[in-house]
Amino acid sequence: MPIPSVKIFLCLLFSCIVVAGCAGIPISSADVNIALPEPSATPNTIATGVFSSQQSARGELEYMRTCKRCHKRDLSGDFIEDAPPLIGEEFMSNWRPWTLGDLFEFLTTDMPPKPKERLEVSAQNYADILAFMLDKNGFPAGNVELPTDFEPLSLIEMNVDR
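(A) Seen up close, the packing of aromatic side chains. Evaluation of the coordinates by the stated rule reveals two aromatic pairs. When the ring of Y63 is compared with that of F132, the centres are 5.3 Å apart and the planes differ by 45°; the resulting orientation is tilted. Of this pair, Y63 sits in helix α2 (residues 53-66) while F132 sits in helix α7 (residues 123-136), and the two are 69 residues apart along the sequence. No difference in accessibility class separates Y63 from F132, as the two residues are buried. Arranged with centres 5.8 Å apart and planes meeting at 50°, the rings of W95 and F106 form a pair that is tilted. With W95 in helix α4 (residues 88-95) and F106 in helix α5 (residues 100-110), the pair connects residues that are 11 residues apart, well separated along the chain.

This is the structure we're talking about:
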């Protein structure tokens, strides 16, 4: 006597459930325990002490050597020289949607405007100048230094409210 197809189906279904349960495969949404990454208590932003005081001091020296001619000693910029301010709300609103990595990449590829002058500025100098700029914009120093390449800097958000 042949076994009805409904019984075969139920036997197969039961077997699948037993095997899945033994293998640890979730068989209902209640069985799913997905470990989502915990949101960081302090997001990695320019407001979380991503540079050191020593790095800012080195950055000030390098800024005075390579940037003050156009952007002025106080970072206020010079519109006659087509050099925007590097401090204050205008600067922050221009860069708020970006990361520190984007600003670093812009500096290393476009500043100073003359390519020959860019050859004289090292990646460490650029990171130090960024630290000085953050310091002058009122962001706190921490115990670490800004890295000297795009990838880790691209994880530091500039979108912060002060």
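(B) Focus on the confidence of the model for the protein. When pLDDT is averaged along the protein, the result is 81; 73% of the residues meet or exceed 70. This model gives residues 31-42 a pLDDT under 50, and the stretch forms three contacts once residues within four places in sequence are excluded.

(C) Molecular detail of the layout of surface pockets. Considering only enclosed or pocket space, the largest pocket measures out at about 360 Å³ in volume. As for the largest pocket, its lining consists of 23 residues, of which H71, L86, F106, L107 and M111 are closest to the centre. Going through the elements one at a time, α3 (68-71), α4, α5 and α7 are the ones with two or more residues in the lining of the largest pocket. Along the lines of polarity and charge, the residues of the lining of the largest pocket split into 17 nonpolar, three polar and three charged.

(D) The packing of α2 against α7, seen in detail. Two elements in contact, α2 and α7, have axes separated by 7 Å at closest approach and are oriented at 105°. If you check the angle between α2 and α7, you find them roughly perpendicular. Across from Q55, S56, R58, G59, E60, E62, Y63, M64 and T66 in α2, the residues of α7 making contact are Q124, N125, A127, D128, I129, A131, F132 and D135. When the residues that make up the contact of α2 with α7 are grouped by side-chain class, the tally is six nonpolar, six polar and five charged.

(E) Looking closely at the environment of L134. Structurally, the position occupied by L134 is in helix α7. For the pair L134 and S56, spaced 78 residues apart in the sequence, the C-alpha separation amounts to 8.2 Å. Sequence-distant contacts of L134, that is, excluding residues within four places in its chain, are made with I46, V50, F51, L100, F139 and L146.

(F) Representation of the nonpolar core in the model. Within the largest apolar cluster, 30 residues are counted, with the highest numbers of intra-cluster contacts made by I46, L100, L103, M133 and L146. Secondary-structure elements contributing two or more residues to this core are α2, α4, α5 and α7. Broken down by element, this core gets its largest block of residues, eight residues, from α7. Ignoring sequence-local partners within four residues, the contact set of L100 consists of I46, L130, L134, L146, L153, I156 and M158.

(G) The arrangement of α2 in detail. Helix length check: α2 (14 residues) gives 20 Å between terminal C-alpha atoms against 20 Å at 1.5 Å per residue, within 8%. When α2 is considered as a whole, its buried residues turn out to be Q55, S56, G59, E62, Y63, M64 and T66. Buried residues along α2 sit against α3 and α7.

How each quantity is defined
Residues numbered from 1 in each chain as written. Predicted model: local features only at pLDDT ≥ 70, side-chain atom pairs only at ≥ 80, totals over all residues. Heavy atoms only, no water. Phe/Tyr/Trp six-rings, centres within 6.5 Å; stacked < 30°, edge-to-face > 60°. Helix = DSSP H or I, 4+ residues; strand = E, 2+ residues; numbered from the N terminus. Buried < 20%, exposed > 50% of the residue type's maximum accessible area, 1.4 Å probe, protein only. pLDDT = per-residue confidence, 0-100. Contact = heavy atoms within 4.5 Å. 1 Å grid on protein atoms, 1.4 Å probe; cavity = no way out; pocket = protein on both sides within 12 Å on 5 of 7 lines; lining within 4 Å. Points joined across faces, edges and corners; volume = space filled by probe spheres on them. Nonpolar A, V, L, I, M, F, W, Y, C, P; charged D, E, K, R; others polar. Axes fitted to C-alpha atoms, helices over the stretch in contact; angles between N-to-C directions. Parallel < 35°, antiparallel > 145°, perpendicular 65-115°, else oblique. Core = buried A, V, L, I, M, F, W, Y, C linked by side-chain atoms within 4.5 Å. Expected span 1.5 Å × (residues − 1).

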